[in-house]
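Here's the letter readout for the chains.
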Amino acid sequence: MRKNYPVLKTFQLGCAITAFFVVLTFGCKDGDSFWDSIIPETDKEATSTQIEGYVFYPAVQPATDANIAQLRVPGGFKINKFAEGVGKPRILVSDGNGHIYASDREAGLVIMLTDANADGMSDHVKTVATIKQVHGLTIHNGKMFMVAVKEVYVADLNPDGTLGTPKMIMDDLPDGGQHPNRTIAFGPDNKMYLSVGSTCNSCPEPNPENATMLRAEEDGSDRKIFAKGLRNTIGFGWHPQTSELWGMDHGIDWLGDNEQKEEVNQIKQSADYGWPYIYGEGKYNPGDRPKGDTTYQQYLQKTTLPALTYQAHSAPMAMAFYSGAMFPEEYRNDAFVAMRGSWNRSEPVGYKIVRLHFENGKPVRFDDFVTGFIVNNKKAHFGRVVGVTVHKDGSLLFSDDTNGVIYRVSYQ
């Protein structure tokens, strides 16, 4: 059982933080900072900095009617439970016939949910696949693709929404380590894209396929690194108008309350997004110096910086572009992102669904869309959100794997 922490514990340089990194930094650029970071370009000079790190897990409460009544959505929208008691649902995907699929990594299951009477609540749940540690799901060319830690499976979609027998088409993805939650999708080029997170918080990876976006053919062949330097990009997708690939990358932990910010990246072929040496808006991470004679500045010059950032430690998970017809037209082609929530911070952040606005095909800002999961004066929560998908009817569904609930947001 995971322990909750009612009291925050402070870690400082020279104590527990040193066990995680040789030296850590978050820039220390505030005018009232009493310690200026020294981050030289090479190791010919000493590197020094100071941070404060926190561990805070809000207590867990059930998803009661009273708690759900506290959830807030924009005017004209309403939220309800689409399903509950469905294990620990993670990634969600919707087909064109109204079937909703959810992965349960811990149970090793893929379930199918249906709303036969169209009342906004699931009335039937069925297990359609059993795959150890299954996580990422996507539908392509009438088939369901499912990814676990090291394996990719494909199964036929039957007319009733059930799946045929899964067939393994890949079994040699990198080890999971700290980030074993693979996600999968197919691009406009009909290629398979796989997000493979890092094995650690911050370190040089011995396997070049860790901390990357991979691309392969539909049958799993010809797998190559598409982009690298991505610590853990769970949520990604293609803008409906521009077909550009965008993803939300997780920032490094143990850099302080407000570092490293979460990143919105336009993911381009052969680009390097800096991890673990460069983070955020071009900042140096002294805990992992570039190899050989490469300086930080030289590595920065070949790093693709984020298009937009978001509050550190919010933990972005799934992302879905809105292409439905239920919401107002202004929502079309914007993205919804599940912010799972912090643990490495003095006060909790995240625990919400946010809207990522795009203008002329580019991300410009975030707005809260579903909030209120943090309760009891920020000491407790009743939902850590993970999956996001757009239902056939245009409503938005998202999952909480803490209380086993899938929520539905609709517009009147």
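Residue numbers restart at each chain and count upward from 1, following the sequence in its written direction. Residue-level local features of this predicted model are given only where pLDDT is at least 70; pairs of side-chain atoms are given and counted only at 80 or more, and the full residue set underlies all totals for whole chains, interfaces and linings. The side-chain values count all of the structure's non-hydrogen atoms but skip hydrogen atoms and water molecules.

**Things to note about the overall build of the protein chain**
And step 1. The secondary structure content of the protein chain amounts to 3 helices and 31 strands.
And step 2. Only C-alpha atoms enter the radius of gyration; for comparison, a globular chain is expected to reach 2.2 Å times N to the power 0.38, where N is the number of residues. Its C-alpha atoms give the protein chain a radius of gyration of 21 Å, within 12% of the compact-globule value 22 Å for 412 residues.
And step 3. Counting only C-alpha atoms and orienting by the principal axes, one finds that the protein chain spans roughly 70 × 50 × 45 Å.
And step 4. Note on contacts: a residue pair qualifies if any of its non-hydrogen atoms lie within 4.5 Å across the two residues. Intrachain contacts of the protein chain at a sequence separation of at least 6 include 57% that bridge at least 24 residues.
And step 5. In the structure as shown, the protein chain presents an accessible area of about 17300 Å², 47% of it carried by carbon and sulfur atoms.
And step 6. This count recognises Lys and Arg as positive and Asp and Glu as negative, with His and chain-terminal groups excluded. A charged residue contributes its charge at one atom only: NZ of Lys, CZ of Arg, CG of Asp or CD of Glu. Across the protein chain, 41 positive and 49 negative side-chain charges occur, with their mean positions spaced 2 Å apart. Runs of H or I in DSSP of at least four residues are treated as helices and runs of E of at least two as strands, each being numbered from the N terminus. Reported accessibility uses the Shrake-Rupley method at a 1.4 Å probe radius. Residues are deemed covered only where the shown protein chains occlude them.

**What to know about the sheet that holds strand E23 (residues 316–321)**
And step 1. One bridge is not enough; two strands pair if DSSP finds at least two bridges between them. Taken in spatial order, the 4 strands of this open sheet run E23-E24-E25-E26, and their pairing is antiparallel. Looking at which strands have only one partner, the edges of the open sheet turn out to be E23 and strand E26 (362–370). Within the sheet, the average angular offset between the axes of one strand and its neighbour, ignoring direction, is 25°.
And step 2. With 5 bridges connecting them, strand E24 (residues 335–339) and strand E25 (residues 352–359) associate as antiparallel partners. In the strand pairing of E25, Met339 is matched with Lys352. Under this scheme, a helix contributes an axis fitted over its contacting stretch, all axes are lines through C-alpha atoms, and angles between N-to-C directions fall in the 0 to 180 degree range.

**Some details on the packing of aromatic side chains**
And step 1. Only Phe, Tyr and Trp rings are paired, with Trp represented by its six-membered ring, and only when their centres lie within 6.5 Å; those with planes under 30 degrees apart are stacked, over 60 edge-to-face, the remainder tilted. According to the stated counting rule, one finds 27 aromatic pairs in the structure shown.
And step 2. Aromatic pair Tyr57 and Trp343: ring centres 6.3 Å apart, planes at 15°, arrangement stacked. One end of the pair, Tyr57, is in the loop between strand E2 (52–53) and strand E3 (59–60); the other, Trp343, is in the loop between E24 and E25, and 286 residues separate them in sequence.
And step 3. Aromatic ring contacts, followed pair by pair, group Phe77, Tyr322, Phe327, Tyr331, Phe336, Phe369 and Tyr411 into a single cluster.
And step 4. Lysine and arginine charges are scored as sitting over a ring when NZ or CZ, respectively, is within 6 Å of the ring centre and within 35 degrees of the ring normal. In this arrangement the basic side chain of Arg355 is found over the ring face of Tyr331, its NZ or CZ atom lying 3.8 Å from the centre.

**Some words on the sheet that holds strand E11 (residues 152–156)**
And step 1. Pairing in this open sheet of 4 strands is antiparallel, and the strands run E9-E10-E11-E12 from one edge to the other. The open sheet has two edge strands, strand E9 (136–140) and strand E12 (167–170), and neither has a second partner. Strand-to-strand twist in this sheet, taken as the mean axis angle between neighbours without regard to direction, amounts to 30°.
And step 2. Pairing of E9 with strand E10 (residues 143–147) involves 5 bridges; the strand directions are antiparallel.

**Describing the state of the cysteines**
And step 1. Whenever a pair of cysteine sulfur atoms sits within 2.5 Å, that pair is classed as a disulfide. All chains considered together, the criterion is met by 1 disulfide.
And step 2. Here Cys200 pairs with Cys203 through a disulfide, and the sulfurs are 2.0 Å apart. Around the S-S axis, the bridge from Cys200 to Cys203 shows a dihedral of about -95° and counts as left-handed.
And step 3. Each residue gets one of three labels from its accessible area relative to the maximum for its type: buried under 20%, exposed over 50%, partly exposed in between, using a 1.4 Å probe on protein chains only. Using a relative accessible area of 13% as the deciding quantity, one classes Cys200 as buried.
And step 4. Classification of Cys203 by relative accessible area gives buried; the value is 18%.

**As for the pairing of strand E29 (residues 385–390)**
And step 1. Within E29, 6 of the 6 residues are buried, which leaves the element mostly enclosed by the surrounding structure.
And step 2. Where E29 and strand E30 (residues 396–400) come together, 4 bridges link them in antiparallel fashion. Along E30, the bridge assignment pairs Val385 with Asp400.
And step 3. Between E29 and E30, which pair antiparallel one after the other, the connecting turn spans 5 residues, and Gly394 there sits at a positive phi close to 95°.

**Concerning the pattern of salt bridges**
And step 1. A pair is scored as a salt bridge if a Lys or Arg side-chain nitrogen falls within 4 Å of a carboxyl oxygen belonging to Asp or Glu. This model, assessed by the stated rule, comprises 23 salt bridges.
And step 2. Notably, a salt bridge pairs Glu84 with Lys81, separated by 2.8 Å at the nearest N-O pair.
And step 3. Its relative accessible area of 17% is what places Lys81 among the buried residues.
And step 4. Within this structure, Arg90, Arg340 and Asp401 form a network of salt bridges that share partners.

**What to know about the side chain of Thr389**
And step 1. Residue placement: Thr389 occurs in strand E29.
And step 2. Since its relative accessible area comes to 9%, Thr389 is described here as buried.
And step 3. A distance of 3.4 Å separates a polar side-chain atom of Thr389 from the backbone nitrogen of Ser94.
And step 4. Residue contacts for Thr389: discarding those within four places in its chain leaves Leu92, Val93, Ser94, Ala320, Ser395, Leu396 and Leu397. Within 3.5 Å is the distance limit for a polar contact, defined as a pair of N or O atoms, with the added protein rule that one can donate a hydrogen and the other accept it, and that residues adjacent in sequence qualify only through two side-chain atoms.

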